[in-house]
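# Residue-level structure breakdown
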Amino acid sequence: MSRFWSAVVHGLTPYVPGEQPKIADLIKLNTNENPYPPSPKAMAAMAAAVNEALRLYPDPNADALKGAIAGFHGLKAAQVFVGNGSDEVLAFVFQGLLKHERPILFPDITYSFYPVYCGLYGVAFTKVPLDPAFRIRVADYAQPNGGVILPNPNAPTGCLLPLADIETLLRANAGSVVVVDEAYIDFGGESAAALVDRYPNLLVVQTLSKSRSLAGMRVGYALGHPELIEGLERIKNSFNSYPLDRVAQAGATAAMEDREYFDRTRGAVIASRERLAAQLATLGFEVLPSAANFVFARHPGHDAAQLAAALRERKIIVRHFKSARIEQFLRITIGTDEQCGALVTALRDILKG
Ligand SMILES: *Cc1c(COP(=O)(O)O)cnc(C)c1O
């Protein structure tokens, strides 16, 4: 606490990201990073971008990147907004598209950054409970609201809503913006990007942090009607004209264009997830059906916090949330098969003792 803080700062409850430990030879399965490196083409593009041109500001509109993203999704560049990680894109969305008189709606169990943005921007919200199986019931969102935001697949559950349900949500909320945060969609779902041309109230948010292995470069984007995009551009250009540096723009553009590598690595993660889910079930875990690059699991006979601590002693870190309804779950990022194997071996050992 400092007397120099503004009243805004006094009132904030900041988001706490998963730990980025400085310890070597750790198996890090706590923040949903991709176990595979970025596309070799993206790495070459980034290396090539480290040159004398760094003297100059980057393209403030990131036109090449917007073109590559639009091309990937079969949309127009005017339907694309890019930002410094999807967290920044989401921050602009809360301030620019979700701050209205009525409270916005999001699930009671979801990405814990949403209430933080609400606190930062003074956005009122109502939490909508997931059903007992931790699924989103879209019918519960047919109520007056200032906007709707949900991750699909949801975080940290990994549960996927079919596209038909997203469409139901869009129709029931034609008077407000519906934001679908698709950070994990590439690991098992169908993107709502295909609906952007038909629903002017839809904003799809994606990131290159997970399925394109570029968490370290901080690149995210939104897809929507040009009027929604313009709203975000107005915020961005009132905040930071150059949120994406030259290296990030070059790497992200090449990553979006390298479809072959993208399909190969996400396929590998999906296959490892299916194997890990089956092995965890064999150990007695209840594993929620996941369409993401993590699984959410609980063991009926073992406390989740103790399991996480025991794994940590064995140099494996997973994520545990001390939140209502999910305090007995562990969220485990899908690593390589070797890392998943080490996790299963460690758990077998811990459960025996
Ligand atoms: C990881 C994640 C993000 C943030 O991604 P960045 O692009 O790295 O900022 C956004 N939403 C959800 C649900 C996530 O899990």
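Residues numbered from 1 in each chain as written. Predicted model: local features only at pLDDT ≥ 70, side-chain atom pairs only at ≥ 80, totals over all residues. Heavy atoms only, no water.

What follows covers the sheet that holds strand β10 (residues 294–298). Across the sheet, which stays open at both edges, the three strands sit in the order β9-β10-β12 with antiparallel pairing between neighbours. With partners counted over all chains shown, the strands left at the sheet margins are β9 (286–287) and β12 (329–333), one partner each. (Pairing = 2+ DSSP bridges. Helix = DSSP H or I, 4+ residues; strand = E, 2+ residues; numbered from the N terminus.)

Let's shift gears to helix α11 (residues 337–352). Between its first and last C-alpha, α11 extends 22 Å over 16 residues, near the 22 Å set by a 1.5 Å rise per residue. Among all positions of α11, only Cys340, Leu343, Val344, Ala346, Leu347, Ile350 and Leu351 are buried. Seen end-on, α11 carries its buried residues on one side only, within an arc spanning 165°. The outward face of α11, more than 90 degrees from its buried face, is lined by the exposed residues Glu338 and Lys352. Each element contacted by the buried residues of α11 is listed here: β1 (27–29), α9 (259–282), α10 (304–313), β11 (316–318) and β12. (Expected span 1.5 Å × (residues − 1). Buried < 20%, exposed > 50% of the residue type's maximum accessible area, 1.4 Å probe, protein only. Arc of directions from axis to C-beta. Contact = heavy atoms within 4.5 Å.)

All residues in the neighbourhood of the ligand are listed as Gly85, Ser86, Asp87, Leu90, Tyr111, Asp181, Ala183, Tyr184, Thr207, Ser209, Lys210 and Arg218. Contact with the protein chains covers 92% of the free accessible surface of the ligand, which is 390 Å². For the shell around the ligand, a count of residues per class yields four nonpolar, four polar and four charged. (Near = heavy atom within 4 Å. Areas by Shrake-Rupley, 256 points an atom, 1.4 Å probe, with all protein chains shown as cover. Nonpolar A, V, L, I, M, F, W, Y, C, P; charged D, E, K, R; others polar.)

To continue, consider unusual backbone geometry. Residue Pro153 follows Asn152 across a cis peptide bond; omega there is -5°. By the element assignment, Pro153 lies in the loop between β5 (148–151) and α6 (163–172). The omega angle of the peptide bond from Ala155 to Pro156 is 0°, so this bond is cis rather than trans. Along the chain, Pro156 falls in the loop between β5 and α6. Positive phi values are uncommon outside glycine, yet Asp25 reaches one of about 40°. Under the relative-accessibility criterion, Asp25 is labelled exposed at 59%. Within the chain, Arg325 stands out as a residue other than glycine whose phi angle is a positive 75°.

As a further point, take the nonpolar core. Core analysis: the largest hydrophobic core is formed by 56 residues, its most contacted members being Leu65, Ile166, Leu202 and Leu223. Apart from residues no more than four positions distant in its own chain, Leu202 is found in contact with Leu170, Val178, Val180, Ala192, Leu195, Val196, Leu223, Gly224, His225 and Leu228. With 33 residues, the next largest nonpolar core counts Ala183, Ala277, Ala297 and Ile332 among its residues. (Core = buried A, V, L, I, M, F, W, Y, C linked by side-chain atoms within 4.5 Å.)

Attention shifts here to the UniProt feature "modified residue: N6-(pyridoxal phosphate)lysine" (unreviewed entry) in the chain. When the UniProt feature table is mapped onto this chain, "modified residue: N6-(pyridoxal phosphate)lysine" (unreviewed entry) is found at Lys210. On the secondary structure map, Lys210 appears in the loop between β7 (202–207) and β8 (220–224). By relative accessible area, which is 17% here, Lys210 ends up buried. When near neighbours in sequence (up to four residues on either side) are disregarded, Lys210 contacts Thr31, Asn32, Asn34, Ala183, Tyr184, Phe187 and Asn293. There is a polar contact of 3.3 Å between the side chain of Lys210 and the side chain of Tyr184. (UniProt positions renumbered as here; feature names shortened; annotations may be inferred. Polar contact = N/O pair within 3.5 Å; in protein donor to acceptor, adjacent residues only side chain to side chain.)

This next bit is on the side chain of Glu167. Mapped onto the elements of the fold, Glu167 is located in helix α6. The exposure class of Glu167 is buried, given its relative accessible area of 15%. Among the polar contacts made by the side chain of Glu167, one reaches the side chain of Arg198 at a distance of 2.4 Å. Aside from chain neighbours lying at most four places away, what touches Glu167 is Leu195, Arg198 and Tyr199.

Our next topic: helix α4 (residues 85–96). Its 12 residues give α4 an end-to-end C-alpha distance of 17 Å, which sits within 8% of 16 Å, the value for a rise of 1.5 Å per residue. For α4, the tally of buried residues reaches nine of 12 residues, placing the bulk of the element in the interior. Residues of α4 that are buried: Gly85, Ser86, Glu88, Val89, Leu90, Ala91, Phe92, Val93 and Phe94.

What follows deals with the packing of aromatic side chains. The tally for this structure, following the rule as stated, stands at 16 aromatic pairs. Both rings, one in Phe92 and one in Phe239, keep their centres 5.3 Å apart while their planes meet at 75°; by these two values the pair is edge-to-face. Within this pair, whereas Phe92 is found in helix α4, its partner Phe239 is found in the loop between α7 (226–236) and α8 (246–257), the two being separated by 147 residues in sequence. On the basis of relative accessibility, which here comes to 2%, the residue Phe92 falls in the buried class. Site record: aromatic cluster; members linked through ring pairs are Tyr15, Phe94, Phe106, Tyr111, Phe113, Tyr114, Tyr117 and Phe125. Directly above the ring of Phe262 sits Arg212, whose terminal nitrogen or CZ lies 3.9 Å from the centroid. If you follow Arg331 out to its NZ or CZ, it ends over the ring of Phe294, 5.7 Å from the centre. (Phe/Tyr/Trp six-rings, centres within 6.5 Å; stacked < 30°, edge-to-face > 60°. Lys NZ or Arg CZ within 6 Å of the ring centre and 35° of its normal.)

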